[in-house]
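Per-entry structural report
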Amino acid sequence: MLADYIRKRREDRDILLMTHIVAGYPSFDDSLRIVEQMVEGGVDLMELQVPFSEPIADGPVILHANQRSLEAGSTVDRCFEFAEAVSQRFDIPFVLMTYYNILFKFGVQEFADRMAAAGLRGAIVPDLPPEEAGDYLEAMGRNELDPIFIFSPNTTDTRMSLISSRAGGFVYCVARKGVTGAETSFSADFEAYLSRCSAATELPLALGFGVKDAADVDFLRGQVDIAVIGTETLRVVDERGVEAVRGFIEELR
Amino acid sequence: MSEQGYFGEFGGSFIPEILVATFEELIAAYEEARADPAFWKTYVDLMGNYSCRPTPLTEAVNLTRHFGGARIFIKREDLNHTGAHKANNVMGQGLLIQRMGKKRVIAETGAGQHGVATATMAAKFGLECTIYMGEVDVARQRPNVFWMERMGATVVPVTEGSRTLKDAINEAFRDWVTRMDDTHYALGTACGPHPFPEMVSWFQSLIGEEARRQVLEQAGCLPSRVYACVGGGSNAMGIFGGFFEDDVELVGVEAGGAGLDSKAHASRLASSDATLGVAQGYKTYFLQNPDGQMNETHSVAAGLDYVGVSPILAHLSQTGRVRFEAATDEEVVDALSLTMQKEGLIPALESSHAFVQAFKEAPLMSPDEVIVINQSGRGDKDIFTIADAFGDPEWEAFIQKKAKEYDAR
């Protein structure tokens, strides 16, 4: 399971990097080259987002990438083929990120079976709270896939414990209010939040939303297990091209 | 309804973790208000004093004679302040905002009526206000944008997705997750995560409560059928709410657009094109492709141009309590035209959908029977769309002349 991989990997790295891409943006060929650049740059695990027409938790950059990928003809099937190709070719774990309707329409059990067959290791579904996740948890469990859940700064301690009891792999801690891709200021409140997160779960912690450069990653060393670089890599692709990704990742280390 | 806001298999609450605490706060405030008879009295008094409630139930004598069947009565939500039933829900949520002590309100709008109502409420209650509106709707409902801005609201055109109502809802959620501490999202219809479907229906139930009392007084009997248009479903839930316990057939009319065979429509329940899904925080029938991506919808009426439908109505459709029909754009313009000429009433394009179905059925009913149509809003806001639909050459000449005057400045 993912938690073991993360703990083992942490023995010789003080922080792991997880990056995010929207499958099929700008194209599937480019997506493959971006993954290649990221793996060569040294990321430890990756999130593959299956685009959805209504991504309510995503900010403008990722929203735009979802829209463009769909306009270019992305399908769930094509995303699974892509996921299978990258998990066979690269020696890091891949998790899937998408919204619940994509699983629901596919059939939650069939979707989990297909994820496992594609070699994926877990999933993040930001609009699926644990209260609604019965079928999902069962299907994920049956396939030994990790259901990754989310903590936010206004999640109570009691609720963090509930979420932790359902979660697997790691817990994704959202750094702040808002959607993906905006600035985050790491304040004193933030440290209190992180210590609440660590107290609530035995699982490794990933921190995302607004992590954009080496300074942010440095700040997180020793505080969390994984720094998540989401929107910023899309910005690098948009502004500097696919070939700039590897250098960007290397600088974060 | 179960604790998590389910109506049969529909509804629920599919929200990002960051909003969970905000929804808990809202549910608590709503439940407290609902249990407090003084709250409902304050609400009814406010609507009486600020918004001409109760709105009349008008007997349409000429239309009745024209069709020669059932007696036709029209519930006049067009006479509500701001011109539609939308004000009911908004003023109710405004009172809740005051209870919660929030300083800012945001809303989505399709036709613009909910946006105008929210901007009005924000002005009256001294709240900061931002309205999200799809770029396509901004273009087709420009007069409403004008009024919202004049009342001090910021109107943000949404440029992603299909640039209509659903995209405005997504954008409002994105705002809310950023500023939930001081902001309330006044969702305009009986959709979205719990408690919105139930809460919005509760505020709108004033329509049905009044209509039932009025029809008994004026016609001396209950209606055989009640007709309402269905976009998200709030005006329908409002008027139907007065008749759920009675032996009254309830008919919801969806946007048939260019026809149900054309795919260019917004009929979730009357067509077989929609399937069960989860989006915008709730489970219902959505017009979506086999992958679960939402389809483009079409209606001449911006307020009905929406991919989902109230989970409560989805449930009532499944149980057979509400019958669903669809009216095409063309039928809608004809029904509107007839209503103007026979009664001097101007229903909104949205509301005109209900008139279409009522006009199809009234001639086949007995003169002893009574029907009620909910005129959920007034049509003068649609003057640009309606004038285009009628192809009125003098209106066109007027607009061209007016544009030249601006050009000459």
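Not measured: the values here are computed from a predicted model.

**Topic: the overall build of chain B**
When helices and strands are counted, chain B shows 15 helices and 14 strands. Taken over the C-alpha trace, chain B has a radius of gyration of 20 Å; the compact-globule value for 409 residues is 22 Å, and the two agree within 12%. The dimensions of chain B, computed from C-alpha atoms along their principal axes, are 60 × 55 × 50 Å. Looking at the 409 residues of chain B, the share that counts as buried comes to 63%. Of all intrachain contacts in chain B linking residues separated by at least 6 positions in sequence, the fraction that spans at least 24 positions is 73%. Accessible area for chain B stands at about 14,600 Å²; split by element, carbon and sulfur atoms hold 51% of it. Put simply, chain B has 36 plus and 55 minus side-chain charges, and the middle of one group is 5 Å from the middle of the other.

**A word on the nonpolar core**
In terms of nonpolar packing, the biggest core is built from 189 residues, with A:Y136 and B:W176 touching the most fellow members. Residue contributions to this core peak at 10 residues, all from helix α9 (residues 196-219) of chain B. A:Y136 has contacts with A:L103, A:V108, A:A123, A:V125, A:L128, A:P147, A:I148 and A:F149, leaving out every residue within four places of it along the chain.

**A few points about the environment of B:A211**
All names here are of chain B. Turning to its location among the elements, A211 is positioned in helix α9. Note on A211: relative accessible area 0%, which makes it buried. Spatially, the C-alpha atoms of A211 and I239 are 7.2 Å apart, while their sequence positions differ by 28 residues.

**With respect to the packing of aromatic side chains**
In this structure the tally under the stated criterion is 31 aromatic pairs over all chains. Between the aromatic rings of A:Y136 and A:F149, the centroid separation amounts to 6.4 Å while the plane-to-plane angle is 85 degrees, which identifies the pairing as edge-to-face. Of this pair, A:Y136 sits in helix α7 (residues 134-142) while A:F149 sits in strand β5 (residues 146-151), and the two are 13 residues apart along the sequence. Comparing A:Y136 with A:F149 shows no difference in burial state: the two are buried. Seen in terms of ring centroids, B:F39 and B:F203 are 6.3 Å apart; in terms of plane orientation they differ by 45 degrees. Their pairing is tilted. Remark: B:F203 occurs in helix α9 and B:F39 occurs in helix α2 (residues 37-50); sequence separation between them is 164 residues. You can call B:F39 buried: its relative accessible area is 5%. The buried category is assigned to B:F203, whose relative accessible area is 0%.

**With respect to helix α4 (residues 76-89) of chain A**
Its 14 residues give α4(A) an end-to-end C-alpha distance of 20 Å, which sits within 8% of 20 Å, the value for a rise of 1.5 Å per residue. The inward-facing, buried residues of α4(A) contact β1 (16-22), α2 (28-41), β2 (45-49), β3 (94-97), α5 (100-106) and α6 (108-117) of chain A.

**What about empty space enclosed by the protein?**
Taken as a whole and judged by the stated rule, the model has 6 cavities of 30 Å³ or more. Roughly 290 Å³ of volume is contained in the largest cavity. Taken together, 26 residues line the largest cavity, and the ones lying closest to its centre are B:H85, B:K86, B:A111, B:G303 and B:E350. Those elements that place two or more of their residues in the lining of the largest cavity are β5 (104-109), α5 (113-125), α10 (234-240) and α13 (349-361) of chain B. Partitioned by chemical class, the residues of the lining of the largest cavity number 6 nonpolar, 16 polar and 4 charged. Three or more residues apiece are contributed to the lining of the largest cavity by two domains, here domain 1 (6-48 + 84-196) and domain 2 (54-83 + 205-389) of chain B. Its boundaries defined by the atoms lining it, the second largest cavity holds a volume of some 90 Å³. As for the second largest cavity, its lining consists of A:V125, A:P126, A:L128, A:P129, A:P130, A:I148, A:F149, A:I150, A:I163, B:I15, B:P16 and B:E17.

**Regarding the interface of chain A and chain B**
Interface size is often expressed as the accessible area that is lost when the parts come together. Every contact between the two is made by 37 residues of chain A and, on the other side, 35 residues of chain B. Summed over both sides, the interface of chain A with chain B buries roughly 3,000 Å², with 53% coming from carbon and sulfur. When the area that chain A buries against chain B is broken down by residue, the three leading residues are A:E54, A:I56 and A:K105, summing to 22%. With its nearest N and O atoms 2.9 Å apart, the salt bridge here joins A:R159 to B:E17. Where chain A packs against chain B, one counts 18 residue pairs in polar contact (both at pLDDT 80 or more). Secondary-structure elements contributing two or more residues to the side of chain A that touches chain B are α3 (60-71), α5, β5 and α8 (157-166) of chain A. Among the residues forming the side of chain A that touches chain B, the class breakdown is 19 nonpolar, 9 polar and 9 charged.

**A word on the domain arrangement of chain B**
All names here are of chain B. Each assigned domain of chain B is listed here: domain 1 (6-48 + 84-196) and domain 2 (54-83 + 205-389). On a C-alpha basis, the centres of domain 1 and domain 2 stand 22 Å from each other. A per-residue breakdown of the area domain 1 buries against domain 2 is headed by F10, H85 and R140, which together make up 19% of the total. If you look at where domain 1 meets domain 2, you find 0 salt bridges. Our enumeration of links across domain 1 and domain 2 arrives at 15 residue pairs in polar contact (both at pLDDT 80 or more). Mapped onto the side of domain 1 that touches domain 2, the elements with two or more residues apiece are β1 (6-7), β2 (10-11), α2, α4 (86-100), α5, α6 (135-140), α7 (142-150) and α8 (165-178). Ranked by residues supplied to the side of domain 1 that touches domain 2, first place goes to α8 with 5 residues. Residue composition of the side of domain 1 that touches domain 2, by class: 20 nonpolar, 17 polar and 5 charged.

**Here's the deal with the side chain of A:D58**
On the secondary structure map, A:D58 appears in the loop between β2 and α3. Among buried Asp, Glu, Lys and Arg side chains, A:D58 stands out as unpaired, with B:R174 the closest opposite charge at 6.9 Å. Engagement of the side chain of A:D58 in a polar contact is seen with the side chain of A:Q49, the distance being 3.2 Å.

**A word on the confidence of the model for chain B**
Chain-level statistics for chain B give a pLDDT mean of 95 and a share of 99% at 70 or above. Two numbers describe this predicted complex: its pTM, 0.96, and its ipTM, 0.94.

**Description of the sheet that holds strand β6 (residues 128-134) of chain B**
Adjacent strands of a sheet form backbone hydrogen bonds with each other and so pair up, either parallel or antiparallel. Residue and element names in this part refer to chain B. Reading across the sheet, the 4 strands line up as β7-β6-β5-β8 and stay open at both edges, with parallel pairing between neighbours. This sheet does not close on itself; its edge strands, each paired only once, are β7 (154-158) and β8 (183-185). On average, each strand axis in the sheet is inclined to that of its neighbour by 20 degrees, with strand direction left out of account. Two strands pair when backbone bridges link them, and β6 and β7 are joined in this way by 5 bridges, in the parallel orientation. Within β7, the position partnered with T130 by the bridge is T154.

Parameters and conventions
Residues numbered from 1 in each chain as written. Chains lettered and ligands numbered in written order. Predicted model: local features only at pLDDT ≥ 70, side-chain atom pairs only at ≥ 80, totals over all residues. Heavy atoms only, no water. Helix = DSSP H or I, 4+ residues; strand = E, 2+ residues; numbered from the N terminus. Rg over C-alpha atoms; globule rule 2.2 N^0.38 Å. Buried < 20%, exposed > 50% of the residue type's maximum accessible area, 1.4 Å probe, protein only. Contact = heavy atoms within 4.5 Å. Areas by Shrake-Rupley, 256 points an atom, 1.4 Å probe, with all protein chains shown as cover. Lys, Arg positive; Asp, Glu negative; His and termini not counted. Charge placed at Lys NZ, Arg CZ, Asp CG, Glu CD. Core = buried A, V, L, I, M, F, W, Y, C linked by side-chain atoms within 4.5 Å. Phe/Tyr/Trp six-rings, centres within 6.5 Å; stacked < 30°, edge-to-face > 60°. Expected span 1.5 Å × (residues − 1). 1 Å grid on protein atoms, 1.4 Å probe; cavity = no way out; pocket = protein on both sides within 12 Å on 5 of 7 lines; lining within 4 Å. Points joined across faces, edges and corners; volume = space filled by probe spheres on them. Nonpolar A, V, L, I, M, F, W, Y, C, P; charged D, E, K, R; others polar. Domains from an automatic or database assignment. Buried area = accessible area lost by both parts, 1.4 Å probe. Salt bridge = Lys/Arg side-chain N within 4 Å of Asp/Glu carboxyl O. Polar contact = N/O pair within 3.5 Å; in protein donor to acceptor, adjacent residues only side chain to side chain. pLDDT = per-residue confidence, 0-100. Pairing = 2+ DSSP bridges. Axes fitted to C-alpha atoms, helices over the stretch in contact; angles between N-to-C directions.

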